[in-house]
Amino acid sequence: MTNAENNHKVGKLQRDKLEAKEYVDVRSNRLGEHKDKYGESLMSLVVSKKNLFTAVKVVRRNKGAAGVDGMTVSEVESHILEVYPYLRKKLLDGSYKPQPVRRVEIPKANGGIRKLGIPVVRDRVVQQAIRQVIEPIIDKHFLPHSHGFRKGKSNHTALKECVDYYQQGYKVAVDCDLKQCFDTLNHDKLMYYLEQYIQDKMILKIIRKFLQSGVIDLSGEFVESNTGAPQGGVISPLLSNVYLHELDKEMKLRGHRFVRFADDFVIFVKSKRAGERVLKSITRFIEKDLKLTVNQEKSKVGSPTRLKFLGCLITTVNGVCRYRPSREAKAKFIRTLKRLTKRNRAGKFDEIVKEINSRTRGWINYFGTGFIKTFVTKVEQWLHHRIRQLILKRWKNPRTKISRLMRLGLDMDSAKRIGYSRKKYWRLSKTPEVHWVLTTKRLYRWNVVSLRDLAESAYLRY
């Protein structure tokens, strides 16, 4: 290739804004790097028995519902073992054909609906096998400000970076909301961006087939998928990061202080006027260059103490700057605990406690590195009343209540007062007699976890 032709190629890439200047010179050498390192095609690594059965273990561990063929994750290992020679050949020659994903709709907290696409289990194994090979190659090129679906990154690292910017004096946030980002990714652009890192033709061909495999909707009809990567696909998070990496590069090129977690991102500036200008210009880039849609109603400029990001608001307590859960996050947590402690719910008490512990641990592990101690203390007192109420309701008739209370150490007269009382269960759960036998320590012995202990432990992990 002549120098003129080479300069024309580089110039075109820069004019299209499809990659920043520092990536242009690297692109042409990547296929050679792969071959030098591996001595074979990337697809050969994907179809190796070790890689495929590692993928099987990951898919089984992640569980998940069956796809359109009805195969469960418990059946996939024997199935892959049986079809391995056929599957290997199909992947190597690029003739593998993914099945359509199954459409599932789940309600969102704001009243909307999130559409998920559940691939069949075999396709999930293939996607995982591809991901295991290509992710290490791609991930090292992502910027440190991208925190979603990456090893060593999390919502906590994203929130800590937000706090750092706030403490540096960038106290205005530009919250730009992408409308149905996963469902509107442009396939041609996505494949072009992916080619900057992966040149194996068979891998690229199979990934495009996954993108265009179609959907079986709720009515059972087949619907073509001309845009988007299905939420629920194993490889979709990596592909969305590849696509939105172009946004990261553009924001870095402009010198913005930003944090991105999947399709949620926020830019920190020093004044509201600057924030409005940034929102306008970055919206233009997103809609013109990335072919995505910005939700104008939800996109805002304001203080990060009032604009939530990843369910949190930045706040300062006694000179310490961290974050706290938003009002909506707290309300959702309370609703969940109310549902789990309904008086008339079925199931063994041990199973109910296990489910409560699972939800409380998850919520506190997520928000606990911020300020939640006061809230958690109040919630724990209320939760213990709910559990005492649940226990009294499950004892049902007066004689059972009396015998159980006496067995726990209450005298007969006090047990009868509770057993024959006409008070509602909630009021009974607050009586001194019930507190004397169903103490907090006894609830802990019955495996109810201490929310305050969890919160203190999580806070120290910041």
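In case you missed it, the structure is sitting above this.
Worth saying up front: this structure is predicted, and the values here are computed from it rather than measured.

Draft legend 1. The arrangement of the overall build of the chain in detail. On a plain count of helices and strands, the chain comes out with 21 helices and 10 strands. Reported as C-alpha extents along the three principal axes, the dimensions of the chain are approximately 100 × 60 × 40 Å. When burial is assessed residue by residue, the chain has 49% of its 462 residues classed as buried. Looking at the chain alone, contacts between residues at least 24 apart form 72% of all its contacts between residues at least 6 apart. Of the side chains in the chain, 94 bear a positive and 47 a negative charge, and the two mean positions are spaced by 9 Å.

Draft legend 2. Seen up close, the pairing of strand β9 (residues 312-317). Inspection of the sheet shows β9 paired to strand β10 (residues 320-325) by 6 bridges, in the antiparallel sense. Looking across to β10, one finds that V317 is bridged to V320.

Draft legend 3. Layout of unusual backbone geometry. At A262, a position not held by glycine, the phi torsion is positive, near 60 degrees. Note that A262 resides in the loop between β6 (257-261) and β7 (264-269). Of note in the backbone geometry, L310 takes a positive phi value of approximately 55 degrees without being a glycine. Of note, L310 is situated in the loop between β8 (300-302) and β9.

Draft legend 4. How the structure looks around the packing of helix α6 (residues 76-93) against helix α10 (residues 201-211). At a minimum axis separation of 8 Å, α6 and α10 run at an interaxial angle of 100 degrees. Taken together, the axis directions place α6 and α10 in an arrangement best described as roughly perpendicular. Across from L91, L92 and D93 in α6, the residues of α10 making contact are M202, K205 and I206. Tallied by class, residues from the contact of α6 with α10 come to 4 nonpolar, no polar and 2 charged.

Draft legend 5. Spatial organisation of the sheet that holds strand β4 (residues 215-216). Taking strand neighbours across the sheet as the criterion, the 4 strands line up as β2-β1-β4-β5 in an open arrangement whose pairing is mixed. In the strand order of this sheet, the two ends are held by β2 (113-118) and β5 (222-223), each with one partner. Bridge count between strand β1 (residues 101-107) and β4: 2 bridges; the pairing is parallel. Along β4, the bridge assignment pairs R102 with I216.

Draft legend 6. The arrangement of the nonpolar core in detail. Ranked by internal contacts, the top residues of the largest apolar core, which has 69 residues, are I130, I134, I207 and I286. Per-element accounting of this core gives the leading share, 9 residues, to helix α7 (residues 121-139). Excluding anything up to four places from it in sequence, I134 contacts I198, I203, I207, I235 and L238. Counting 57 residues, the second largest nonpolar core, distinct from the first, contains L159, V163, V259 and V449.

Draft legend 7. Up close: the pattern of salt bridges. Per the counting criterion, the structure on display carries 12 salt bridges. For E77, the salt bridge goes to R60, with nearest N and O atoms at 2.9 Å. With E77 in helix α6 and R60 in helix α5 (residues 49-62), this residue pair connects regions lying 17 residues apart in the sequence. Looking at R60, the relative accessible area reads 38%, which means it is partly exposed. Two residues, R254 and E250, come together in a salt bridge whose shortest N-O distance is 3.0 Å.

Draft legend 8. Spatial organisation of the environment of V73. With respect to the element layout, V73 can be found in the loop between α5 and α6. It is 6.9 Å that separates the C-alpha atoms of V73 and V59, two residues lying 14 residues apart in sequence. Ignoring any residue separated from it by four or fewer positions in sequence, one finds V73 in contact with V59, R60, K63, G64, V121 and R124.

Draft legend 9. Here's a closer look at the side chain of T431. As for its placement among the helices and strands, T431 is situated in the loop between α18 (425-428) and α19 (432-437). Among residues more than four places away in sequence, those in contact with T431 are I418 and K423.

Draft legend 10. Looking closely at the sheet that holds β8. In spatial order, the strands read β6-β7-β3-β8; together these 4 strands make up an open sheet with antiparallel pairing. Of all the strands in the sheet, the pair left with one neighbour each is β6 and β8. Taken pair by pair, the neighbouring strands of this sheet meet at an average axis angle of 20 degrees, ignoring direction. Here 6 bridges tie strand β3 (residues 172-177) to β7, and the two strands are oriented antiparallel to one another. Counted as the bridge partner of D175 is V266 from β7. Contacting β6 and β7, helix α11 (residues 236-253) crosses the sheet at an angle of about 170 degrees to β6.

Cut-offs and rules
- Residues numbered from 1 in each chain as written.
- Predicted model: local features only at pLDDT ≥ 70, side-chain atom pairs only at ≥ 80, totals over all residues.
- Heavy atoms only, no water.
- Helix = DSSP H or I, 4+ residues; strand = E, 2+ residues; numbered from the N terminus.
- Buried < 20%, exposed > 50% of the residue type's maximum accessible area, 1.4 Å probe, protein only.
- Contact = heavy atoms within 4.5 Å.
- Lys, Arg positive; Asp, Glu negative; His and termini not counted.
- Charge placed at Lys NZ, Arg CZ, Asp CG, Glu CD.
- Pairing = 2+ DSSP bridges.
- Axes fitted to C-alpha atoms, helices over the stretch in contact; angles between N-to-C directions.
- Parallel < 35°, antiparallel > 145°, perpendicular 65-115°, else oblique.
- Nonpolar A, V, L, I, M, F, W, Y, C, P; charged D, E, K, R; others polar.
- Core = buried A, V, L, I, M, F, W, Y, C linked by side-chain atoms within 4.5 Å.
- Salt bridge = Lys/Arg side-chain N within 4 Å of Asp/Glu carboxyl O.

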